[in-house]
Amino acid sequence: MVKKKGIKWVVKRDGMYWPSEAMKKSANMSDSKIYSKSMKNPVAFWEGLAREGLTWEKEWESKNAYVEKLPYFEWFKGGKINFSVNCVDRHMGNSSRTALIWVPEPVDEKPIILTYGELYNKVNRFANVLKKYNVKKGDIVSIYLPMVPEALIAMLACARIGAIHSVVFSAFSADALKARIQDAEAKILITSDGYYRRGKPESLIKKAKSAIKKTTIKNVIVVDRIGKKVRGKMFKDFETEMADVDSYAKPEIMNSEDPLFILYTSGTTGKPKGVVHDTGGYAAQAYWTCKWNFDLKPEDTMWCTADVGWITGHTYAFYGPLLTGATSLVYEGGPDFPNPGRWWKIIQDHKVNIFYTAPTAIRMFMNINQNWIKKYDLSSLRVLGTVGEPIDKVSWMWYFNTIGGGRCPIIDTWWQTETGGTLINTLAGVGPFVPTISGKSFPGLSHKIVNEEGHSVKKGNKGFLVQQSPFAPSMLHGVFKNHKKYVDTYWKKYKTMYDTSDGAYMDRGLIRITGRTDDVMKVAGHRLSTAELENAIHDNSLVLDVAVVSMPDKIKGEAPIAFVVLKSGKASKNLEKKLKSYVDSKIGPTARPRRIFFVADLPKTRSGKIMRRILKALLVNEEPKGLMTLVNPESVAKIDLILQGQNILKK
Ligand code: WTA
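Residues numbered from 1 in each chain as written. Predicted model: local features only at pLDDT ≥ 70, side-chain atom pairs only at ≥ 80, totals over all residues. Heavy atoms only, no water.

A.B. asks: Go over the overall build of the protein chain, please, and point to the residues and values.
C.D. replies: The number of helices and strands found in the protein chain is 20 helices and 33 strands. In terms of overall size, the protein chain behaves like a compact globule, its C-alpha atoms giving a radius of gyration of 24 Å where 651 residues would be expected to give roughly 26 Å. With the C-alpha coordinates of the protein chain rotated into their principal frame, the extents come out at 70 × 65 × 55 Å. In the protein chain, which comprises 651 residues, the share counted as buried stands at 62%. Summarising the internal contacts of the protein chain: among those between residues at least 6 apart in sequence, 72% fall at separations of at least 24. Entry remark: accessible area of the protein chain is about 25,300 Å², with carbon and sulfur atoms responsible for 52%. Distance between charge centroids for the protein chain: 3 Å, based on 97 positive and 65 negative side chains. (Helix = DSSP H or I, 4+ residues; strand = E, 2+ residues; numbered from the N terminus. Rg over C-alpha atoms; globule rule 2.2 N^0.38 Å. Buried < 20%, exposed > 50% of the residue type's maximum accessible area, 1.4 Å probe, protein only. Contact = heavy atoms within 4.5 Å. Areas by Shrake-Rupley, 256 points an atom, 1.4 Å probe, with all protein chains shown as cover. Lys, Arg positive; Asp, Glu negative; His and termini not counted. Charge placed at Lys NZ, Arg CZ, Asp CG, Glu CD.)

A.B. asks: So what's going on with the sheet that holds strand S25 (residues 446–450)? Which residues, and what values?
C.D. replies: The four strands are arranged S25-S26-S27-S28 in an open sheet whose pairing can be described as antiparallel. Since the sheet does not close on itself, it has two edges, and those belong to S25 and strand S28 (510–516), each with one partner. Strand-to-strand twist of the sheet, defined as the mean angle between neighbouring strand axes without regard to direction, takes the value 50°. Bridging between strand S27 (residues 498–507) and S28 involves six bridges; their strand directions are antiparallel. Looking at S28, one finds that Ala 504 is bridged to Ile 513. (Pairing = 2+ DSSP bridges. Axes fitted to C-alpha atoms, helices over the stretch in contact; angles between N-to-C directions.)

A.B. asks: Can you explain the site of the ligand? Please cite residues and give values.
C.D. replies: Taken together, 18 residues surround the ligand, and among them Asp 412, Thr 413, Thr 417, Asp 502 and Arg 527 come closest. One of the backbone N or O atoms of Thr 413 is found 2.7 Å from a nitrogen atom in the ligand. In the model, an oxygen atom of the ligand is placed 2.4 Å from a nitrogen or oxygen of the Asp 502 side chain. Those elements that place two or more of their residues in the shell around the ligand are helix H11 (311–323), strand S22 (410–413) and S28. (Near = heavy atom within 4 Å. Polar contact = N/O pair within 3.5 Å; in protein donor to acceptor, adjacent residues only side chain to side chain.)

A.B. asks: I'd like to hear about the state of the cysteines, residue by residue, with values.
C.D. replies: All told, the structure shown has zero disulfides when counted by the stated rule. Take Cys 158: it sits in no disulfide, and the sulfur closest to it among the cysteines is that of Cys 87, at 13 Å. Residue Cys 158 is classed as buried on the basis of its relative accessible area, which comes to 1%. Cys 304 forms no disulfide, and the closest cysteine sulfur to it belongs to Cys 290, at a distance of 8.9 Å. With a relative accessible area of 3%, Cys 304 lands in the buried category. (Disulfide = S-S within 2.5 Å.)

A.B. asks: Which residues make up the layout of surface pockets, and what are the values?
C.D. replies: A probe as big as a water molecule, rolled over the atoms, marks out the empty space that is left. In this structure, the second largest pocket occupies an estimated 350 Å³ of space. Looking at the second largest pocket, it is lined by 15 residues, and the ones nearest its centre are Ala 179, Arg 180, Gly 270, Pro 272 and Lys 586. Looking at the lining of the second largest pocket, the elements that each hand over two or more residues are helix H7 (174–184) and helix H17 (530–538). A per-element tally of the lining of the second largest pocket places H7 first, with five residues. Residue composition of the lining of the second largest pocket, by class: six nonpolar, two polar and seven charged. (1 Å grid on protein atoms, 1.4 Å probe; cavity = no way out; pocket = protein on both sides within 12 Å on 5 of 7 lines; lining within 4 Å. Points joined across faces, edges and corners; volume = space filled by probe spheres on them. Nonpolar A, V, L, I, M, F, W, Y, C, P; charged D, E, K, R; others polar.)

A.B. asks: Which residues make up the side chain of Ser 166, and what values go with them?
C.D. replies: If you trace the backbone, Ser 166 turns up in strand S9 (residues 164–167). On the basis of relative accessibility, which here comes to 0%, the residue Ser 166 falls in the buried class. Discounting residues that sit within four places of it in the chain, Ser 166 has contacts with Ile 140, Val 141, Ser 142, Ile 143, Ile 262 and Tyr 264.

A.B. asks: Talk me through the nonpolar core; I want residue IDs and the actual numbers.
C.D. replies: Core analysis: the biggest nonpolar cluster contains 146 residues, and Phe 83, Leu 119, Phe 126, Leu 156, Ile 190 and Trp 344 have the highest contact counts within it. Examining the composition of this core, we find that 10 residues originate from one element, helix H6 (residues 149–161), more than from any other. The residue makeup of this core includes at least three contributed by each of domain 1 (10–82 + 256–510) and domain 2 (86–252). Ile 181, Leu 189, Tyr 195 and Phe 235 belong to the second largest nonpolar core, which has 46 residues in total. (Core = buried A, V, L, I, M, F, W, Y, C linked by side-chain atoms within 4.5 Å. Domains from an automatic or database assignment.)

If you want it as structure tokens, here you go:
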């Protein structure tokens, strides 16, 4: 079998995996004492990392390295920096090295390779295009692009001139895009005519056009990806604009604390919140987590399969690898197009060294004919990563053996949109790598597992995961235009500790994450809140009441299920279909409920609160508890009757 070829980067000892001598010798970080060393003075430690890892125009004064006035805190205050200079300009000494390998979905189209020199040229030009359309420092630019090189170019161009980008996932609907444009009050939108998915061109411009109606958007720059003619005065062609401007744009010197981007994410309320990330702190953590978690070196090719519409795409498909001077591989399309061997062929063809993906993808590939994987040579791989949801042992072992050939460490990174970079995981050169366990807090950071009152739980007991001061440099700096939401979501419960909303416990001195403790779910790795989905369904004029809960799904991890009380109209398969497409138009197909059940009544408490946990129990055939607290306990038996015979768990 070819896949067993390659250097062994791990060894097994005491039922765990550890870095091999070869790994320890070559790794960027292999000192297990780094944890205790860093915690002697975490601020000084991060100062050292920021100084060594980044290029600053001016350094901060040490007394301002970390200024904490909770719930806000600032890193490297007074430091001056430009983010695009750190991603591109400073690698110009090696300008012929590859920055980006872009693999289009159609197999007859050739990959596009961009060297650092070429990327530099394009970023500068696009920065001038933005300026031409009057985008200034501090303005917000909406980006609604699929995985194409222009997404990276546009983001870096924003950073060059001090504009703040707000990327919106291209599978989100026109309504979702509109809401984000309105909240950010963006003047300009960068989008494309479409993209290829599973062999077919999909339009994006139609959604973009509908989204910008009655918003602040004045100009739209359109990438020509599928050859569609886009008419209208507001719409400008990306390439034509690029050809028409100067090839150099002076980088705007920013404060370390200036915002670099906003990314909207789901919380427990219906409205997505704009998570704000700063420049210097975010850059420091993106750089060092790449270097130490994944042992990323400038000569490596890293492939993070996440879409740029999510935080993982921002930090590990684009920014982290570039800050490190490495090569990032980006693939446009579906994982099984034209066949389920596509991903593995890409790894073989482009000799990918670091591969970072989500458990949902791992589970999907675990369930296909394994010959699609076995026929490819994956011996270039050195480090594997996973992110987004807890990974079970069977999937972990499959990933380890089948993809890693039993040679590569698996880095199970725990983090969030809010944290900007990874916070808890094992370092490739340090170990140990234990199935289902994320590991330790990144050096210089600390987490605790506490009870409702904020006291540490007994070792091994389950509790709530919190982060302690000093808070990570890459942490969010607020919720855009919403101080209250920022305080309520992250600081209300524990005051001096950041509330992650995740559950966890300690296992052999390492942190094991059990998942969200609020109404946020992970569907195929995508973050969604039950409230957001409920709001969307509720907007439909036929709907009187709705509850959404998630149930376990073999591949997606979780799948949303909706219970709907109709105002009028007859429950039918057809209406279920109609409501599902209604969700597509409100949020996007990623949020589409797997099933919608029409019920007469939802189980509610006397105060009118829907008891979702009862619905959840019914879905998985468990005895629902707490029926005494309901005003309408009879609703439960009726719903149970509807669910019986549906075989929902098997679908
Ligand atoms: C979950 C994704 C278990 C967690 C980077 C968190 C994980 C949420 C892991 C954030 C992991 C992320 N193990 N659970 N390794 N990584 N999560 O904002 O519940 O899309 O709160 O960021 O994903 O999701 P988000």
